[in-house]
Amino acid sequence: MNISAAQVKIFYIITFLVIMNSNAQSLEGYDLWLGYSKIEDPVILPEYQRHTKSIFFNNGSAVLETAQKELVRGIDGLLGQPSNIHNSQSLLNTMWVSKKMDLDKDIVKPFKADFEQIGKEGFIIKSITVNDNSILLITANEDIGILYGVFKLLQLMKMHKSFEGINIVDVPKIELRMLNHWDNLDRTVERGYAGFSLWNWQKLPEYIDPRYEDYARANASIGINATVLTNVNANSLVLTSAYLDKVAALAEVFRPYGIKVYLTARFSAPIEIGGLNTADPLDKDVIEWWNDRAKKIYKIIPDFGGFLVKANSEGQPGPQNYGRTHVDGANMLANALRPFNGMVIWRAFVYSELDTTDRAKQAFTEFVPYDGNFLDNVLVQVKNGPIDFQPREPFHPTFGAMPNTPLVMEFQITQEYLGFSSHLVFLPKLYEEVLDAETYRKGKKSTVAQVIDGSLFNSKISGMAGVANIGTDLNWTGHPFAQANWYGFGRLAWNPYLSSEAIAEEWLRLTYSNNSEFVEPVKSIMISSREAVVNYMTPLGLHHLMDTGHHYGPGPWVSDLSRPEWNPTYYHQADKDGIGFDRTPSGSNATSQYSSEIAEIFNAPETCPEEYLLWFHHLPWDYKLKNGEILWDAVALKYQEGVDQVGEMISIWKQAKTYISDDQYNEVRMLLEIQLKEAKWWRNACLLYFQTFSGKKLPPGVELPEENLEFYRSLKFPYAPGN
Ligand code: GCV
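Given the structure is predicted, the values throughout are model-derived calculations rather than measurements. (Residues numbered from 1 in each chain as written. Predicted model: local features only at pLDDT ≥ 70, side-chain atom pairs only at ≥ 80, totals over all residues. Heavy atoms only, no water.)

1. Points about the overall build of the protein
Piece 1. Scanning the protein for helices and strands turns up 23 helices and 16 strands.
Piece 2. Taking 27 Å as the expected radius of gyration for a compact globule of 723 residues, we find that the protein reaches 27 Å, a close match to that expectation.
Piece 3. Considering only C-alpha atoms, the protein reaches an extent of 80 × 75 × 65 Å along its principal axes.
Piece 4. By residue count, 60% of the 723 residues in the protein fall in the buried class.
Piece 5. Here the analysis covers contacts within the protein between residues at least 6 apart in sequence; of these, 72% occur between residues at least 24 apart.
Piece 6. Summed over all atoms, the accessible surface of the protein reaches about 28200 Å², with 52% contributed by carbon and sulfur.
Piece 7. Taking the average location of the 66 positive side-chain charges in the protein and that of its 86 negative ones, the two points are 3 Å from each other. (Helix = DSSP H or I, 4+ residues; strand = E, 2+ residues; numbered from the N terminus. Rg over C-alpha atoms; globule rule 2.2 N^0.38 Å. Buried < 20%, exposed > 50% of the residue type's maximum accessible area, 1.4 Å probe, protein only. Contact = heavy atoms within 4.5 Å. Areas by Shrake-Rupley, 256 points an atom, 1.4 Å probe, with all protein chains shown as cover. Lys, Arg positive; Asp, Glu negative; His and termini not counted. Charge placed at Lys NZ, Arg CZ, Asp CG, Glu CD.)

Spelled out as structure tokens, the structure:
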């Protein structure tokens with residue numbers, strides 16, 4: 001057979017197209033919420049073409065260069081044609097992107113108050129008229145504001161929002177908006193469910209994975225301005241020169257996106273890498289060692305953010321090893337960083353094997369007495385609830401109880417106790433619940449959000465941290481909808497008063513489609529997903545029922561671990577008389593750590609919100625709930641409700657099929673099937689186990705478990721990820 005040159009060429013073209021196509025499919029999700037495919041809407045497209053006809057971009061710094069690059073990338077993609085960008089200003093321009101200091105004074109004058117409001121990081125997007133010409137103005141006081149303004153503009157375009165009469169003045173309400181990576185130097189990620197760590201320490205500093213920049217873009221696009229690269233269960237090696245060079249290389253990639261790097265500081269580093277025989281924070285040599293280390297770090301990374309420290313918690317070393325306090329430890333490090341404007345973020349996630357009181361009380365007990373004693377470059381980072389990132393916890397009582405100490409909110413974006421990256425759980429719903437909680441520390445309207453953004457006590461600095469769910473998986477987060485948790489964390493760190501519903505809608509439109517027939521039903525899946533997981537894992541205030549170590553699946557029966565508070569039986573306290581943890585004055589009295597108004601509500605089972613009932617009360621199995629159900633029936637029905645909610649999520653997801661690609665559809669469909677299977681597993685295992693105490697039958701409407709209790713108890717997961 002004779003094959004012509006033309007046939008060979010066609011063969012190669014077809015092969016190339018097939019490869020390209022399969023690549024495109026396997027890269028599904030890599031773009032996150034930043035995909036810029038051409039806008040086809042016939043109404044909005046001409047409007048955008050008009051506004052972007054001639055763009056004046058006032059460049060002049062690395063951050064501005066990034067902003068220009070992002071603008072070009074976005075507009076080229078969305079409009080399907082190269083953008084027309086100039087670096088000289090004229091009245092023929094249809095868009096100006098320029099800092100305030102570079103704008104004509106007469107232009108700026110009418111918006112003086114807006115510029116005062118936006119501070120260092122805010123921006124203005126305004127439609128203005130100059131000599132009868134309509135111009136879309138993107139402006140800010142500083143370079144970083146321009147970058148944020150550009151990302152906002154592109155997001156508006158992706159959501160097909162009209163620019164007619166646009167007038168946006170936006171500024172972050174929280175200063176430090178940071179990701180905490182629990183990434184180890186061997187690239188495993190503690191509680192990570194999306195592959196390995198992005199940081200390729202072996203090849204750094206020479207090899208710069210292009211993904212580092214994509215990571216920075218994604219973060220900057222939602223306003224994240226800080227990243228802690230390493231696990232709080234820290235390794236001192238990262239503070240050695242060889243690693244600092246690698247950290248510096250990452251810092252260089254992130255800098256043009258306005259992101260500072262932070263590291264976790266292992267308290268015993270002076271011993272492990274400094275050759276000293278103590279890490280006592282009051283020891284002269286130790287102080288000198290840290291001062292010296294800080295100097296070294298800042299020489300290599302001049303804008304280094306600072307240290308995040310987990311001390312005297314879960315086996316990590318700390319000042320208490322030397323009879324010193326958290327204040328001694330934090331202030332010693334703060335003194336070392338202070339000459340360089342570095343910050344110390346000291347975690348309040350502590351509970352001790354020597355303290356036999358309720359674990360939920362311990363962080364408050366240890367930290368609140370130190371209020372006002374930390375140096376002003378110390379922030380104390382507190383988890384959202386008093387135990388540990390459970391599907392639902394009441395807010396941590398420390399919020400509002402330390403008026404003289406800036407408190408950073410620590411949320412978990414990764415899903416350690418929430419079905420890993422197999423379950424669709426939209427976490428901004430959880431974040432919103434915590435942020436909106438009333439502390440009553442300064443009367444009504446003293447919410448956790450007001451503590452965090454510094455407005456309640458006039459704090460000098462404010463912060464929100466999220467434990468990242470990012471890894472080397474192609475779609476970054478394992479579950480495609482887990483991207484929404486990263487996105488939503490960033491949005492709430494920017495503005496803790498946003499509604500989770502608005503965030504869900506934004507994310508869906510930016511990631512998938514603007515079609516309301518897609519957005520509305522899928523948004524309802526996201527919004528109900530958090531309550532679903534609470535119901536099928538830990539309803540009515542139950543908590544920490546997860547199997548031990550890996551925290552995957554149910555293990556309410558676990559009772560043989562060396563520390564009492566590591567056992568689920570410690571938390572549910574089920575016996576033949578009832579279930580729940582008594583945290584009222586007749587029990588551990590943890591309620592006394594809240595303001596009296598809140599304590600009063602929590603103390604009485606009649607007024608305690610039912611979602612926290614068994615968190616605060618030990619109640620008999622036949623205790624009557626408000627709706628007349630007895631407690632046993634209510635627990636069982638809640639487990640069933642959780643399973644039913646996942647079933648409902650699956651049937652709603654079917655409606656999404658016509659609006660997205662088959663790959664996008666099938667990936668989520670398969671994951672939802674896992675979620676349904678596991679929701680049933682949770683229901684069956686927990687109900688069979690609790691039934692051994694209640695001795696009661698399952699109420700009508702609750703499906704009978706397929707297996708017996710022994711089966712569920714026998715399941716082992718030695719290779720569950722994230723350990
Ligand atoms: C990084 C929980 C997790 C640990 C985590 C710890 C913490 O206990 O299970 O993996 O350690 O919280 O937040 O320090």
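2. Considerations on the site of the ligand
Piece 1. Among the 15 residues in the neighbourhood of the ligand, the closest are listed as Glu190, Lys310, Arg347, Lys383 and Glu416.
Piece 2. Separating an oxygen atom of the ligand from a side-chain N or O atom of Arg347 is a distance of 2.7 Å.
Piece 3. Between the ligand and the protein, one listed contact pairs an oxygen atom with a side-chain N or O atom of Lys383 at 2.6 Å.
Piece 4. In isolation the ligand offers 340 Å² of accessible surface; the protein chains occlude 96% of this area. (Near = heavy atom within 4 Å. Polar contact = N/O pair within 3.5 Å; in protein donor to acceptor, adjacent residues only side chain to side chain.)

3. Thoughts on the sheet that holds strand E4 (residues 123-130)
Where strands meet in a sheet, backbone hydrogen bonds hold them as pairs that are either parallel or antiparallel.
Piece 1. Strand order across the open sheet formed by 6 strands is E2-E1-E3-E5-E4-E6, with mixed pairing between neighbours. Of all strands in the sheet, those bounded by a partner on one side alone are strand E2 (85-86) and strand E6 (167-170).
Piece 2. Bridging between strand E1 (residues 55-57) and E2 involves 2 bridges; their strand directions are parallel. The partner of Ile55 across the bridge, within E2, is Ile85.
Piece 3. Against the sheet, helix H3 (residues 62-79) engages E1, E2 and strand E3 (95-97), with an angle of about 160° to E1. (Pairing = 2+ DSSP bridges. Axes fitted to C-alpha atoms, helices over the stretch in contact; angles between N-to-C directions.)

4. A look at the pattern of salt bridges
Piece 1. With the rule as written, the count across this model stands at 33 salt bridges.
Piece 2. Here Glu116 and Lys112 are joined by a salt bridge, their closest N and O atoms 3.4 Å apart. Taken as a pair, Glu116 and Lys112 lie in helix H5 (residues 112-118) at a separation of 4 residues, close to a single helical turn. Judged on exposure class, the residue Glu116 and its partner Lys112 are both exposed. (Salt bridge = Lys/Arg side-chain N within 4 Å of Asp/Glu carboxyl O.)

5. Considerations on the nonpolar core
Piece 1. One finds Phe254, Trp290, Trp486, Trp653 and Phe690 to be the most contacted residues of the largest nonpolar core, which totals 234 residues.
Piece 2. In terms of residues, this core owes the most to one element, helix H22 (residues 662-694), which gives 13 residues.
Piece 3. Here Trp653 is in contact with Phe481, Phe518, Val522, Ile525, Ile660, Gln664, Tyr665, Val668, Arg669 and Leu672, once residues within four sequence places are set aside.
Piece 4. Ranked by size, the runner-up nonpolar core spans 13 residues in total, among them Trp96, Ile107, Ile118 and Ile124. (Core = buried A, V, L, I, M, F, W, Y, C linked by side-chain atoms within 4.5 Å.)

6. Topic: the pairing of strand E7 (residues 176-180)
For a regular strand, the rule is simple: side chains alternate between the two faces of the sheet.
Piece 1. Buried residues dominate E7, accounting for 5 of its 5 residues.
Piece 2. The alternating pattern of E7 places Leu176, Met178 and Asn180 and Arg177 and Leu179 on opposite faces, both of which are buried.
Piece 3. Examined bridge by bridge, E7 and strand E14 (residues 463-467) share 5 bridges and lie parallel to one another. Within E14, the position partnered with Leu176 by the bridge is Gly463.
Piece 4. For E7 and strand E8 (residues 226-228), the ladder comprises 3 bridges, and the chain directions are parallel. The residue of E8 that forms the bridge with Met178 is Ala226.
Piece 5. The handedness of the E7 to E8 crossover, carried by helix H7 (residues 210-221), is right-handed. (Right-handed = clockwise from strand over helix to strand, strands pointing away.)

7. Some words on the packing of aromatic side chains
Piece 1. This model, assessed by the stated rule, comprises 47 aromatic pairs.
Piece 2. The interplanar angle of 80° and the centroid separation of 5.9 Å between the aromatic rings of Phe602 and Tyr612 together place this pair among those described as edge-to-face. A residue pair is termed long-range when its members are at least 10 positions apart, and Phe602 in helix H19 (residues 596-603) and Tyr612 in the loop between H19 and helix H20 (613-616) qualify at 10 residues. Each member of the pair, Phe602 as well as Tyr612, carries the same accessibility label: buried.
Piece 3. Ring pairs connect the aromatic residues Phe481, Trp507, Tyr512, Phe518, Trp653, Tyr659 and Tyr665, which therefore count as one cluster.
Piece 4. Looking at Lys203, its charged tip hangs above the ring of Tyr207, at a distance of 5.6 Å from the centre.
Piece 5. The residue whose ring lies beneath Arg359 is Tyr351, and the NZ or CZ to ring-centre distance is 3.7 Å. (Phe/Tyr/Trp six-rings, centres within 6.5 Å; stacked < 30°, edge-to-face > 60°. Lys NZ or Arg CZ within 6 Å of the ring centre and 35° of its normal.)

8. A closer look at the environment of His543
Piece 1. Tracing the sequence through the fold places His543 in the loop between helix H17 (516-537) and helix H18 (568-572).
Piece 2. Each C-alpha atom, one on His543 and one on Phe389, is 9.8 Å from the other, the two residues being 154 residues apart in sequence.
Piece 3. Leave out the neighbours within four places in its chain, and His543 touches Ile387, Gln390, Thr538, Tyr571, Arg583, Leu614 and Trp615.
Piece 4. Of note is the side chain of His543, whose polar atom sits 3.2 Å from the side chain of Arg583.

9. Re the packing of helix H8 (residues 241-254) against helix H10 (residues 284-300)
Piece 1. Following both chains from N to C, one finds H8 and H10 inclined at 35°, their axes separated by 9 Å at the closest point. In this structure, the crossing between H8 and H10 has a hand that is right-handed. Seen from H8, the contacting residues are Ser241, Leu244, Asp245 and Ala248; seen from H10, they are Arg293, Lys296, Ile297 and Ile300.
Piece 2. Its residues placed into classes, the contact of H8 with H10 shows 4 nonpolar, 1 polar and 3 charged. (Left-handed = near helix turned anticlockwise from the far one by under 90°. Nonpolar A, V, L, I, M, F, W, Y, C, P; charged D, E, K, R; others polar.)

10. Considering the sheet that holds E8
Piece 1. The parallel closed barrel is built from 8 strands, whose spatial order is E7-E8-E9-E10-E11-E12-E13-E14. Averaged over all pairs of adjacent strands, the angle between their axes in this sheet comes to 25°, without regard to strand direction.
Piece 2. Where E8 and strand E9 (residues 260-264) come together, 3 bridges link them in parallel fashion. Bridged to Ala226 within E9 is Lys260.
Piece 3. Across the sheet, helix H11 (residues 326-337) is in contact with strand E10 (306-309), strand E11 (343-347) and strand E12 (378-383); its angle to E11 comes to roughly 160°.

11. A short note on helix H12 (residues 359-367)
Piece 1. Burial of H12 is extensive: 8 of the 9 residues sit out of reach of the surface.
Piece 2. Here H12 has its buried residues at Arg359, Ala360, Lys361, Gln362, Ala363, Phe364, Glu366 and Phe367.
Piece 3. N-capping of H12 is provided by Asp358, with a side-chain oxygen placed 2.9 Å from the backbone N of Ala360.

12. Brief notes about the environment of Phe340
Piece 1. Tracing the chain through its elements places Phe340 in the loop between H11 and E11.
Piece 2. The exposure class of Phe340 is partly exposed, given its relative accessible area of 26%.
Piece 3. In this structure the C-alpha to C-alpha distance between Phe340 and Tyr431, which are 91 residues apart in sequence, comes to 33 Å.
Piece 4. When sequence neighbours within four positions are dropped, the list of residues in contact with Phe340 reads Ala294, Lys295 and Tyr298.

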